[in-house]
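This is what each chain is made of:
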Amino acid sequence: MSVEEISNSLPEAAEEVQTNNENMEGEPEMAYDESPREGYVLYRDRKEWADLEPVPQDDGPNPVVKIAYSERFRDVYDYFRALLKHDEKSERALALTAEAIELNAANYTVWHYRRVLLQALEKDLRVEMKYITAIIEDQPKNYQVWHHRRMVVEWLSDPSEELQFTAEILSQDAKNYHAWQHRQWVIQEYKLWAGELEYVEELLEEDVRNNSAWNQRHFVISRTTTYSPPKVLEREVQYTIRQIKKAPHNESAWNYLKGILQPTGLSSYAGLLEQVEGLQGSCCSPYLLGFLVDYYEEALETNGGKYNLTETLNKALGLCDLLAQDQDTIRREYWRYVARTLQSKYDSGETSPPPTEQQ
Amino acid sequence: MAINGTQIKDVVIKPDAPNSLILDKHADYIAAYGSKKDDYEYTLSEYLRMSGIYWGLTVMDLMGQLDRMNQEEIIDFIKSCQHDCGGISASTGHDPHLLYTLSAVQILTLYDRVKAIDVDKVVDYVGGLQQEDGSFAGDKWGEIDTRFSFCAVATLALLGRLDAVDVGKAVEFVLSCMNFDGGFGCRPGSESHAGQIYCCTGFLSITGQLHQVNADLLGWWLCERQLPSGGLNGRPEKLPDVCYSWWVLAALKIIGRIHWIDKAKLRAFILACQDEETGGFADRPGDMPALLKALWIRDMTGTVPGNQLLKEGFGYCPSQ
């Protein structure tokens, strides 16, 4: 008997497996359990629904090929359409919307109708909060569920659970775009700024590359202390440089550093150039080099007199060349553009021309 | 892949991945999609049917196979989706929404049959969704998002009725969503995201306000989406996804920086996302294909010029 090799079954053409949908709202989520559970009765077989005539789906363009889909799905939605048609506002309608949502939580019309029912029937919104909490936990990447939660929070005027809830969702996926939007809305609407910076720091401790957390950091500071007080700016610059030392190849950190310094200018921050140049040894990255290019570019523009223009221009051009040819070749067109722009703006004829570009 | 001792979040394209465009498979995939009315995925996507039709039609048009789709039935379908308020829904029996109002107008523009619906009412509907701060709600339930700003002005521009809204205020709101990295999010303060950036640059193009964008800064952020595999992600430190080829590339085209992407590498990534058996494209090589990806992909392979793509996307060419 020959020995069979057991191979790790890697996906066909991808090294990193990522089975959850990376998009904000991807394909409609399929409910896998489509065969009715034992004891489940289709609506068309329920006595108490006999008064309602189900309304079959009518999409328009004719089918050529018929493939059977879930009987339960068709049945529930036939009755949902019937309820809509009769504008029925009842407990059974509300219950059915829950089932329709379970089958397809992205169907915005079902959510609309549920909200109409909640109001018409004057339902206990605390119960609804529990309901939407469970739905979101199950399907956190869906516009409708988050919007529904927001409506309920607004109706209740009660944001007290929201920070904890969004934190819980973010603990499962720290970059969930919907969760962040909801969190930002709650904080801003109900002025819940206290403790948010600490929360952001916790997240960055866990994953310093979490771009959403960096964005949140900016969100909080720009809307509370702002970056104007020198102590705040100093603190943030040093914080960011520390994070860069931990993980040099981190686009978010570098974007943040550039972003917070842009208003006052990179070159106006004392000692910054030395700090960044000092990182080149152990923490070099295309971002660091790009930052230096930005720095030199700004220096050339402001021409504060303390810079030797030719030397600065040559440094910048040298870096652009290094990036285009070696360190960030995929973006060579960008770096060549930057070099050309600098050359045409500042070259007084004393600089050496850049190496011939390889086409 | 590791650089400087740290893992880069990316995928690797295997050598046996598809490397040429299997056009007929894709055309068949789309043509068949509309015919599988009882198909589960088709049923499940009823809530976005109008957009699905638009995407499918545009791809077929790009492939020169628009005549395979049933124009009159589609137009009748659209008519049946216009509500009393003027807004258009994703499908019959659904509520009106800006997203599907735009898709409907785009389809009718494609067929040059805009008059099939009550245009004045559509305009009223769109105008009525503008808020005091210039933003747009998606529908009467009030969700605010820069996506809806784009939908609103794109719809009105196609109908020649931009006058129906306060464009200045609308611009003000969108600009308030510009972030420290030059990108845009869905609301002020929201993280920059390629999809939102597409909507905002599209918006600014339509309203003649592209000069308000820092094209070099935003262009750099956008070309930073390209990973070593050649694919594009939607924001820093996320995996590449083929749909971002559209959002990112279209945005770059709008701001005149499309050449900052390595075209050959992107092309290879996109082709590798094809499903050779069923047609269609997956979000990244090896995953299951989905209709919604197919459109964006078609042009990214470079056989159709960018202007053509945007013409289909907006119904006209935005100024560069």
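Residues numbered from 1 in each chain as written. Chains lettered and ligands numbered in written order. Predicted model: local features only at pLDDT ≥ 70, side-chain atom pairs only at ≥ 80, totals over all residues. Heavy atoms only, no water.

**Notes on the overall build of chain A**
Looking only at helices and strands, one finds 15 helices and 0 strands in chain A. A burial count over chain A gives 53% of its 359 residues as buried. Sequence-distant contacts in chain A: of pairs separated by 6 or more residues, those separated by 24 or more amount to 65%. By element, 50% of the accessible surface of chain A is carried by carbon and sulfur atoms, the whole surface being about 17,500 Å². (Helix = DSSP H or I, 4+ residues; strand = E, 2+ residues; numbered from the N terminus. Buried < 20%, exposed > 50% of the residue type's maximum accessible area, 1.4 Å probe, protein only. Contact = heavy atoms within 4.5 Å. Areas by Shrake-Rupley, 256 points an atom, 1.4 Å probe, with all protein chains shown as cover.)

**Description of the overall build of chain B**
From N to C terminus, chain B includes 14 helices and 4 strands. Long-range contacts, defined as pairs at least 24 residues apart, comprise 67% of the intrachain contacts of chain B with a sequence gap of at least 6. Per element, the accessible surface of chain B, about 10,400 Å² overall, is 50% carbon and sulfur.

**Brief notes about the side chain of A:S90**
All names here are of chain A. The residue S90 is located in the loop between helix 1 (71-86) and helix 2 (91-103) in this model. For S90, the side chain forms a polar contact with the side chain of E88, separated by 2.7 Å. Among residues more than four places away in sequence, those in contact with S90 are L117 and L121. (Polar contact = N/O pair within 3.5 Å; in protein donor to acceptor, adjacent residues only side chain to side chain.)

**Side note on helix 5 (residues 98-110) of chain B**
Residues and elements named next belong to chain B. Between the first and last C-alpha of helix 5 there are 18 Å, a value that for 13 residues agrees with the 18 Å anticipated at 1.5 Å per step. Counting buried positions along helix 5 gives 10 out of 13 residues, so the element sits mostly inside the fold. Within helix 5, burial applies to L98, Y100, T101, L102, S103, A104, V105, Q106, I107 and L108. (Expected span 1.5 Å × (residues − 1).)

**Some thoughts on the packing of aromatic side chains**
Residue and element names in this part refer to chain A. A full pass over the atoms with the stated rule returns 24 aromatic pairs over all chains. Summarising the aromatic geometry, the rings of W146 and F165 are spaced 5.8 Å apart at their centres and angled 50 degrees between planes, so their arrangement reads as tilted. Taken together, the residues W146 in helix 5 (residues 143-156) and F165 in helix 6 (residues 162-172) connect sequence positions 19 residues apart. Neither W146 nor F165 differs from the other in exposure class; each is buried. Ring plane angle 50 degrees and centroid distance 5.3 Å describe the contact between W254 and F291, whose orientation is recorded as tilted. In this pair, W254 is assigned in helix 11 (residues 251-261) and F291 in helix 13 (residues 286-302), connecting sequence segments 37 residues apart. Taken as a pair, W254 and F291 share a single burial class, namely buried. (Phe/Tyr/Trp six-rings, centres within 6.5 Å; stacked < 30°, edge-to-face > 60°.)

**Focus on the confidence of the model for chain A**
Residue and element names in this part refer to chain A. On average, residues of chain A carry a pLDDT of 85, and 82% of them reach 70 or more. Taken together, the stretch residues 1-34 has pLDDT below 50 and engages in 71 contacts with residues farther than four places along the chain or on a different chain. Below a pLDDT of 50 lies the segment residues 62-68, which in the model reaches 15 contacts outside its immediate sequence neighbourhood of four places, other chains included. (pLDDT = per-residue confidence, 0-100.)

**Brief notes about helix 6 (residues 119-128) of chain B**
Residues and elements named next belong to chain B. Buried within helix 6 are the following residues: V119, V122, V123, Y125 and V126. Around the axis of helix 6, the buried residues are gathered within 160 degrees of arc, so they sit on the same side. Turned more than 90 degrees off the buried face of helix 6, the exposed positions are D124 and G128. Each element contacted by the buried residues of helix 6 is listed here: helix 5 and helix 7 (146-158). Measuring from the backbone nitrogen of D120 back to the side-chain oxygen at the start of helix 6 gives 3.3 Å, which picks out D118 as the cap. (Arc of directions from axis to C-beta.)

**Some remarks on the environment of A:L288**
All names here are of chain A. With respect to the helices and strands, the residue L288 is situated in helix 13. For the pair L288 and P248, spaced 40 residues apart in sequence, the C-alpha to C-alpha distance is 8.2 Å. In this structure L288 touches W254, V276, L279, Q280 and C283, once residues within four positions along its chain are discounted.

**Observations concerning the packing of helix 3 (residues 49-62) of chain B against helix 4 (residues 71-80) of chain B**
Residue and element names in this part refer to chain B. The contact between helix 3 and helix 4 brings their axes to 12 Å, and the two run at 150 degrees. Compared by their axis directions, helix 3 and helix 4 come out roughly antiparallel. In this structure, helix 3 crosses over helix 4, and the sense of that crossing is left-handed. Where helix 3 abuts helix 4, its residues R49, M50, I53 and L57 lie against I74, F77 and I78. (Axes fitted to C-alpha atoms, helices over the stretch in contact; angles between N-to-C directions. Parallel < 35°, antiparallel > 145°, perpendicular 65-115°, else oblique. Left-handed = near helix turned anticlockwise from the far one by under 90°.)

**Concerning the packing of helix 8 (residues 196-206) of chain A against helix 9 (residues 211-222) of chain A**
Each packed pair of helices is defined by two parameters, the angle between the axes and the distance between the axes. Residues and elements named next belong to chain A. Running from amino to carboxyl end, helix 8 crosses helix 9 at an angle of 160 degrees, the nearest separation of the two axes being 9 Å. Accordingly, the angle class assigned to the pair helix 8 and helix 9 is roughly antiparallel. For helix 8 against helix 9, the interelement crossing comes out left-handed. Of the residues in helix 9, those in contact with E196, L197, V200, E201, L203 and L204 of helix 8 are A213, W214, Q216, R217, V220 and I221. Of the residues belonging to the contact of helix 8 with helix 9, the class tally is 8 nonpolar, 1 polar and 3 charged. (Nonpolar A, V, L, I, M, F, W, Y, C, P; charged D, E, K, R; others polar.)

**Overview of the side chain of A:H218**
With respect to the element layout, A:H218 can be found in helix 9. In contact with A:H218, not counting residues within four places along its chain, are A:Y227, A:Y256, A:I260 and B:F180.

**Some remarks on the pattern of salt bridges**
All names here are of chain A. If you walk through the whole model with that rule in mind, you get 34 salt bridges over all chains. We note a salt bridge from D158 to R126, for which the minimum N-O separation is 2.7 Å. Note that D158 is positioned in the loop between helix 5 and helix 6 and R126 in helix 4 (residues 125-138), a separation of 32 residues in sequence. Connected through salt bridges with shared partners, the residues E201, R217, R235 and E236 form a single ionic network. (Salt bridge = Lys/Arg side-chain N within 4 Å of Asp/Glu carboxyl O.)

**Some thoughts on unusual backbone geometry**
All names here are of chain A. Backbone geometry places D87, a non-glycine residue, at a positive phi of 50 degrees. Within the fold, D87 resides in the loop between helix 1 and helix 2. For D87, a relative accessible area of 44% puts it in the partly exposed group. Positive phi is not limited to glycine here, since K191 has a value of about 55 degrees.

**Description of the confidence of the model for chain B**
Residue and element names in this part refer to chain B. For chain B, the average pLDDT comes to 84, and 83% of its residues sit at 70 or higher. This model gives residues 1-5 a pLDDT under 50, and the stretch forms 12 contacts once residues within four places in sequence are excluded. Low pLDDT, under 50, characterises residues 294-320; the predicted model gives this stretch 73 contacts beyond four residues in sequence or across chains. Here the complex is predicted with pTM 0.85, and the ipTM for its interfaces comes to 0.85.

**Remarks on the state of the cysteines**
Residues and elements named next belong to chain B. Tallied over the full model, the rule gives 0 disulfides over all chains. The thiol sulfur of C177 is not disulfide-bonded, and the nearest other cysteine sulfur, from C200, lies at 6.0 Å. Residue classification places C177 among the buried residues on the basis of a relative accessible area of 0%. Among the cysteines around C186, which has no disulfide bond, C177 carries the closest sulfur, lying 7.6 Å off. (Disulfide = S-S within 2.5 Å.)

**Structural notes on the environment of A:K85**
Residues and elements named next belong to chain A. Mapped onto the elements, K85 comes out in helix 1. Look at K85 and you get exposed, because its relative accessible area is 63%. Each C-alpha atom of the pair K85 and P54 lies 9.8 Å from the other, and the pair is 31 residues apart in sequence.

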